[in-house]
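What follows is the residue order along each chain.
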Amino acid sequence: MTGKKLLAILIIIFALIVLIGLIYFMFFASVRQEQPTVSAPATEEQPAETVVREVAPAPVRKEKVTEEDLKRLAASFVERYGSYSNQSGYANIRDLEIFMSPAMKFWARNYIEQYSSQNRQTDIYYGITTKSVVVATQQFDEDAGTAEFTVKTQRQESTGVSANARAFQQSANVVMVKEGGVWKVEKVKWEE
């Protein structure tokens, strides 16, 4: 395995670990569930009031998402969204549906359906890996529930063998909306 292939694989693995961590901390670790107090039945030797044990409380939910949180989410989203292979079956888009608004999900499903039906050539490998470099805030309004960021990326396009790789920089504009108290990606547009 060449050094460039190994590096590309390591970058993809790292991006997946970051994405899994974000999903865990944003959706699973932050969910607060009220746990009831559990009481054991009283016996003749022990009165009821002395047979009470407390169940450990669930983690505290983070109530406010900051601008910095959204910048990290935008960067991770763009890295995954912009890393594509003609042999992955659009997993880069499917895996991000949990972060998409209904409008973005509708667009993504139509896009996948349209391009999957064209029976694209997969004998020769084609892929792009994307790494977010800088995220700039264009607009952030917590009260209105809208945000917009520009994510500058370093991308590498490969066709066939790794010797055919081409590196380039490209920016993506990410629009986010707050729906039901949760921030979602509404639109992503690559700049030419």
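A. Region of the structure containing the environment of Val133. Inspection of the secondary structure puts Val133 in strand 4 (residues 126-141). Sequence-wise, Val133 and Ala75 are 58 residues apart; in three dimensions their C-alpha atoms are separated by 8.2 Å. Residues in contact with Val133, not counting those within four places in the same chain, are Lys152, Thr153 and Gln154.

B. Here's a closer look at the pattern of salt bridges. Overall, the coordinates contain seven salt bridges when judged by the stated rule. The closest approach of N and O atoms between Lys131 and Glu79, which form a salt bridge, is 3.4 Å. Within this pair, whereas Lys131 is found in strand 4, its partner Glu79 is found in helix 2 (residues 67-81), the two being separated by 52 residues in sequence. A residue is classified by how much of its surface remains accessible, and Glu79, at 9% relative accessible area, is buried.

C. Focus on helix 4 (residues 102-116). Under the 1.5 Å per step criterion, the end-to-end length of helix 4 is 21 Å for 15 residues, consistent within 8% with the ideal 21 Å. Among the residues of helix 4, those classed as buried are Met104, Ala108 and Ile112. Within helix 4, the buried residues cover an arc of 70 degrees as seen down the axis, which keeps them to one side. For helix 4, exposure combined with an orientation more than 90 degrees from the buried face picks out Pro102, Phe106 and Glu113.

D. Focus on the nonpolar core. Ranked by internal contacts, the top residues of the largest apolar core, which has 27 residues, are Phe77, Tyr81, Val174, Met176 and Val188. Taken together, the elements giving at least two residues each to this core come down to helix 2, helix 4, strand 5 (146-159), strand 6 (161-179) and strand 7 (182-190). The element contributing the most residues to this core is helix 2, with seven residues.

E. Region of the structure containing empty space enclosed by the protein. A complete count under the given rule lists one cavity of 30 Å³ or more for this structure. Within this model, the largest cavity holds a volume of roughly 30 Å³. Around the largest cavity, the lining residues are Ala15, Leu19, Ser76, Glu79 and Arg80. Elements that contribute at least two residues to the lining of the largest cavity include exactly helix 1 (3-28) and helix 2. In terms of residue count, helix 2 provides more of the lining of the largest cavity than any other element does, three residues in total. Among the residues forming the lining of the largest cavity, the class breakdown is two nonpolar, one polar and two charged.

F. Here's a closer look at the packing of aromatic side chains. Within the structure shown, the criterion is met by eight aromatic pairs. Ring geometry for Tyr81 and Trp107: centres 6.4 Å apart, planes at 45 degrees, overall tilted. Placement of the pair is Tyr81 in helix 2 and Trp107 in helix 4, with a sequence separation of 26 residues. Given the relative accessible area of 36%, Trp107 is considered partly exposed. Chaining the aromatic ring pairs together yields one cluster made of Phe77, Tyr81, Tyr84, Tyr90, Trp107, Tyr111, Tyr115 and Tyr126. A cation over an aromatic ring shows up here: Arg155 above the ring of Trp190, its NZ or CZ 4.0 Å from the ring centre. Its guanidinium or amino end placed over the ring of Phe168, Arg166 lies 4.3 Å from that ring's centre, counting from NZ or CZ.

G. Region of the structure containing the layout of surface pockets. One number sums up the size of the largest pocket: a volume of about 690 Å³. Ala8, Ile9, Ile12, Tyr125 and Thr129 are, among the 32 residues lining the largest pocket, the residues nearest its centre. Elements with a contribution of two residues or more to the lining of the largest pocket: helix 1, helix 2, strand 3 (84-85), helix 3 (91-94), strand 4, strand 5 and strand 6. Broken down by element, the residue count for the lining of the largest pocket peaks at nine residues, all from helix 1. Considering only residue class, the lining of the largest pocket consists of 14 nonpolar, 12 polar and six charged.

What counts, and where the lines are drawn
Residues numbered from 1 in each chain as written. Predicted model: local features only at pLDDT ≥ 70, side-chain atom pairs only at ≥ 80, totals over all residues. Heavy atoms only, no water. Helix = DSSP H or I, 4+ residues; strand = E, 2+ residues; numbered from the N terminus. Contact = heavy atoms within 4.5 Å. Salt bridge = Lys/Arg side-chain N within 4 Å of Asp/Glu carboxyl O. Buried < 20%, exposed > 50% of the residue type's maximum accessible area, 1.4 Å probe, protein only. Expected span 1.5 Å × (residues − 1). Arc of directions from axis to C-beta. Core = buried A, V, L, I, M, F, W, Y, C linked by side-chain atoms within 4.5 Å. 1 Å grid on protein atoms, 1.4 Å probe; cavity = no way out; pocket = protein on both sides within 12 Å on 5 of 7 lines; lining within 4 Å. Points joined across faces, edges and corners; volume = space filled by probe spheres on them. Nonpolar A, V, L, I, M, F, W, Y, C, P; charged D, E, K, R; others polar. Phe/Tyr/Trp six-rings, centres within 6.5 Å; stacked < 30°, edge-to-face > 60°. Lys NZ or Arg CZ within 6 Å of the ring centre and 35° of its normal.

From the geometry alone we can't say anything about function, so treat these as descriptive.
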